Amino acid sequence: MRATTIHAPFDMRVEDVPDPVVRNPGDAVVRVLRSCICGSDLWAYRGESARQPGQRIGHEFLGIVEETGAEVTGVGRGDLVVAPFMWSDGVCDYCREGLTTSCEHGGFWGSVGSDGGQGEAVRVPFADATLVALPAEAASDDRLLAALLTLSDVMGTGHHAALGAGARAGVTVAVVGDGAVGLCGVLAAKRLGADRIIALGRHEARTDIARRFGATDVVAERGDAAVDAVRELTRGQGAHAVVEAVGTEQSMRTAVSITRDGGAIGFVGVPHGSGTGLDLSVMFDRNIALRGGVAPVRTYIPELLPDVLDGTIDPSPVFDLTVGLEGVPDGYKAMDERTALKVMVAN
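Residues numbered from 1 in each chain as written. Predicted model: local features only at pLDDT ≥ 70, side-chain atom pairs only at ≥ 80, totals over all residues. Heavy atoms only, no water.

Enquirer: Explain the overall build of the protein here, please?
Expert: Scanning the protein from terminus to terminus reveals twelve helices and 18 strands. The long-range share in the protein, meaning contacts at least 24 apart out of those at least 6 apart in sequence, stands at 70%. Just so you have it, the protein exposes about 14,200 Å², and 49% of that area is on carbon and sulfur atoms. Charge centroids of the protein, computed over 31 positive and 46 negative side chains, lie 4 Å from each other. (Helix = DSSP H or I, 4+ residues; strand = E, 2+ residues; numbered from the N terminus. Contact = heavy atoms within 4.5 Å. Areas by Shrake-Rupley, 256 points an atom, 1.4 Å probe, with all protein chains shown as cover. Lys, Arg positive; Asp, Glu negative; His and termini not counted. Charge placed at Lys NZ, Arg CZ, Asp CG, Glu CD.)

This is the structure in structure tokens:
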């Protein structure tokens, strides 16, 4: 089959690799219909996170089950399914507590020795616990497929951040970051009932989506100017709930500075940079809570799926460029150069 591999910084290739096969009784093989490129993939693309030459890549996909192991009972051949960005066994202590990303037997698509989502097919361990079945008719609806694909990562991750920040009716939410996760954080905050949502972002095409998703205000400034602007919008107090969806030292400093005393930050931006941006004495003095981390999206899919299916939420606009599998290297270039927000790969 064909699959995307990374060989060095800025060296993405689509190559012939061995077809996936069932190795264990709990495995399934899924033929990929839609996958996508994640902002976190760009750290490998830019050489800021290590990869072995020829390693697979991609962790967001949905597709059709083609084969199952003898112990798989929850999905069958021909089923349309979505996969969260990590597989999990569903039975360990962490899985039972909902923290599927800490599964004792879990793993990440594209890790050494595993298939990546940016390919024609994927072997899925623990298929019953990992995969979520979707309505068969969705396979012929391109918009719905795009919306469902976000459940593999960015919509669930935005939801995780909004929950961690405490988004709810009666509070003001601020979202730091105008990438796909930040925009999904806006949508998640709106879904959770937030009355006011302030989106921080400088790119008009992205902030237009933020407004469509429920943002009531947009702050285009950065750094101290952004802090001043948010404070001005909130009677000098800041936001009760802040979503941090970037992961840099500057973005975390901004998040802390715009959080209201007694508020909380939900952080889901993959940390990168020389420092954390956190001053614990400031957070202590102002009673600011910090929650978040790697989002257990498998736990959230059953909650979010009905709202996607009935149109209550539609995260599909985060995809603004679609390529075929052979066009994945161009998709990485477009996202790296910020000419695309999020690239979908249609097989």
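Further notes follow.
Enquirer: What should I look at first to understand the side chain of Arg 34 in this one?
Expert: Looking at the secondary structure, you find Arg 34 in strand E3 (residues 28-36). Judged by relative accessible area, which is 11%, Arg 34 ranks as buried. A distance of 2.9 Å separates polar atoms of two side chains, one belonging to Arg 34 and the other to Asp 142. In contact with Arg 34, other than residues within four places in its own chain, are Glu 60, Phe 61, Leu 62, Asp 142, Leu 145, Leu 149, Met 344, Val 345, Ala 346 and Asn 347. (Buried < 20%, exposed > 50% of the residue type's maximum accessible area, 1.4 Å probe, protein only. Polar contact = N/O pair within 3.5 Å; in protein donor to acceptor, adjacent residues only side chain to side chain.)

Enquirer: Even after reading the chapter, I still don't get the nonpolar core, so can you show me in this structure?
Expert: Within soluble globular proteins, side chains that are nonpolar generally end up buried alongside one another. Residues Leu 62, Leu 80, Leu 148, Leu 151, Met 155, Val 173 and Val 318 are the most contacted members of the largest nonpolar core, which totals 54 residues. With eight residues, the top contributor of residues to this core is helix H6 (residues 180-191). If we skip the residues at most four places from it in the chain, Val 318 touches Thr 150, Ala 180, Leu 183, Cys 184, Phe 213, Leu 341 and Lys 342. By size, the runner-up hydrophobic cluster in this structure holds 18 residues, among which are Ala 174, Leu 200, Ala 229 and Ile 258. (Core = buried A, V, L, I, M, F, W, Y, C linked by side-chain atoms within 4.5 Å.)

Enquirer: Explain the packing of helix H8 (residues 223-233) against helix H9 (residues 249-257) to me, please; I cannot follow it from the model alone.
Expert: The geometry of H8 relative to H9 is characterised by a closest axis approach of 10 Å and an angle of 25° between their N-to-C directions. One element, H8, and the other, H9, form an angle in the roughly parallel class. As H8 runs across H9, the sense of the crossing is right-handed. Between H8, through Gly 223, Val 227 and Arg 231, and H9, the contact on the second element is made entirely by Gln 250, Thr 254 and Ser 257. For the contact of H8 with H9, a count of residues per class yields one nonpolar, four polar and one charged. (Axes fitted to C-alpha atoms, helices over the stretch in contact; angles between N-to-C directions. Parallel < 35°, antiparallel > 145°, perpendicular 65-115°, else oblique. Left-handed = near helix turned anticlockwise from the far one by under 90°. Nonpolar A, V, L, I, M, F, W, Y, C, P; charged D, E, K, R; others polar.)

Enquirer: How do you make sense of the environment of Val 256 when you look at a structure like this?
Expert: Relative to the elements of secondary structure, Val 256 occurs in helix H9. As for Val 256 and Gly 238, which are separated by 18 residues in sequence, their C-alpha atoms are 9.6 Å apart. Not counting residues up to four positions away in its chain, the partners in contact with Val 256 are Ile 265, Gly 277, Leu 278, Val 282, Met 283, Arg 286 and Ile 288.

Enquirer: Which parts of the structure should I look at to understand the pattern of salt bridges?
Expert: If charged atoms from side chains of opposite charge come close, those side chains can pair. Across all of its chains, the model carries 19 salt bridges by this definition. Note that Asp 93 is salt-bridged to Arg 96, the shortest N-O span being 2.5 Å. Of this pair, Asp 93 and Arg 96 are both found in helix H2 (residues 93-96), three residues apart, which corresponds to roughly one turn of the helix. With its nearest N and O atoms 3.2 Å apart, the salt bridge here joins Arg 143 to Asp 314. Residue Arg 143 is located in helix H4 (residues 142-149), and its partner Asp 314 is located in the loop between helix H11 (297-309) and strand E17 (321-323); the two are separated by 171 residues in the primary sequence. When salt bridges with common partners are traced through the structure, they connect Arg 2, Asp 16 and Glu 326 into a single cluster. (Salt bridge = Lys/Arg side-chain N within 4 Å of Asp/Glu carboxyl O.)

Enquirer: What am I meant to see in the side chain of Asp 27 here?
Expert: Residue position: Asp 27 is located in the loop between strand E2 (11-16) and E3. In this structure the side chain of Asp 27 is engaged in a polar contact, spanning 2.9 Å, whose partner is the backbone nitrogen of Arg 23. In terms of polar contacts, Asp 27 uses its side chain to reach the backbone amide nitrogen of Asn 24, at 2.9 Å. The residues contacting Asp 27, other than those within four sequence positions of it, are Val 22, Glu 67, Thr 68, Gly 69, Val 72, Arg 123, Val 124, Pro 125, Phe 126 and Ala 127.

Enquirer: Any chance you could explain helix H5 (residues 154-165) here in plain terms?
Expert: Counting along an α-helix, one turn takes 3.6 residues, and residues three or four places apart therefore face a common direction. When the terminal C-alpha atoms of H5 are compared, their 16 Å separation across twelve residues agrees well with the 16 Å that a helix rising 1.5 Å per residue should span. Counting buried residues in H5 gives eleven out of twelve residues, a clear majority hidden from the surface. Buried within H5 are the following residues: Val 154, Met 155, Gly 156, Thr 157, Gly 158, His 159, His 160, Ala 161, Ala 162, Gly 164 and Ala 165. Each element contacted by the buried residues of H5 is listed here: H6, strand E14 (239-244), strand E15 (259-267), strand E16 (289-292) and H11. With its phi angle positive at about 85°, Gly 166 sits one or two positions after the end of H5. (Expected span 1.5 Å × (residues − 1).)

Enquirer: Is there a simple way to think about the packing of H5 against H11 in this case?
Expert: For any two helices packed against each other, the geometry is given by the interaxial angle and the distance between the axes. Contact geometry of H5 with H11 gives a least axis separation of 9 Å together with a crossing angle of 95°. The angle between H5 and H11 falls in the class roughly perpendicular. Two secondary-structure elements touch here, H5 through Met 155, Gly 156, Thr 157, His 159, His 160 and Leu 163 and H11 through Val 297, Tyr 300, Glu 303 and Leu 304. By residue class, the composition of the contact of H5 with H11 is five nonpolar, four polar and one charged.

Enquirer: Hey, could you run me through unusual backbone geometry in this one?
Expert: Residues other than glycine predominantly adopt negative phi, and peptide bonds predominantly adopt the trans conformation. A positive phi angle, near 65°, is found at Phe 10, a position not held by glycine. Relative to the helices and strands, Phe 10 is located in the loop between strand E1 (2-8) and E2. Of note in the backbone geometry, Phe 126 takes a positive phi value of approximately 45° without being a glycine. Looking at where Phe 126 falls in the secondary structure, it is placed in the loop between strand E9 (121-124) and helix H3 (127-130). Since its relative accessible area comes to 33%, Phe 126 is described here as partly exposed.

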